[in-house]
Amino acid sequence: HLLVLSDRGAVFACGACAPPGPVGLPAVVASERRRGEFYQLKGLRDQIVVGIASGAAHSLAITASGHAYSWGGNMDGQLGHGDTLPRSEPVRIEALDGVRV
């Protein structure tokens, strides 16, 4: 998958979106196989994102307010939410609340 960060702090994604997938795209994208199109991640629309990273099956975003968000596969707990549940949309990593990242 591919993540792109705009100069205004918006995150766009395209690529593999099989559930739960690392991309965070709407379910309709997966069902229609429109994987080559870019979509803005709705879970981050209210945030100004200043940094992004992605692994083989997960992604991370850092906001201007210093919060970290993660989503995707989580078999080994790599999302940082204290469990191994996958996340299809960006979720703030609460374990890092109070830590400016």
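Heads up: these notes are all about the structure in this document. (Residues numbered from 1 in each chain as written. Predicted model: local features only at pLDDT ≥ 70, side-chain atom pairs only at ≥ 80, totals over all residues. Heavy atoms only, no water.)

1. Some points on the sheet that holds strand β3 (residues 39–40)
The strand order across the open sheet built from three strands is β1-β2-β3, with neighbouring strands paired in antiparallel fashion. At either margin of the open sheet sits one strand with a lone partner, and together these are β1 (2–5) and β3. Of the strand pairs in this sheet, β1 and strand β2 (residues 11–14) are connected by four bridges, and their pairing is antiparallel. Bridge pairing links Leu3 to Ala13 in β2. (Pairing = 2+ DSSP bridges. Helix = DSSP H or I, 4+ residues; strand = E, 2+ residues; numbered from the N terminus.)

2. A closer look at the pattern of salt bridges
Considering all chains together, one arrives at two salt bridges under this definition. Between Asp83 and Arg87 there is a salt bridge; the shortest N-O distance is 2.9 Å. Residue Asp83 is classed as partly exposed on the basis of its relative accessible area, which comes to 24%. The exposure class assigned to Arg87 is buried, which follows from its relative accessible area of 16%. (Salt bridge = Lys/Arg side-chain N within 4 Å of Asp/Glu carboxyl O. Buried < 20%, exposed > 50% of the residue type's maximum accessible area, 1.4 Å probe, protein only.)

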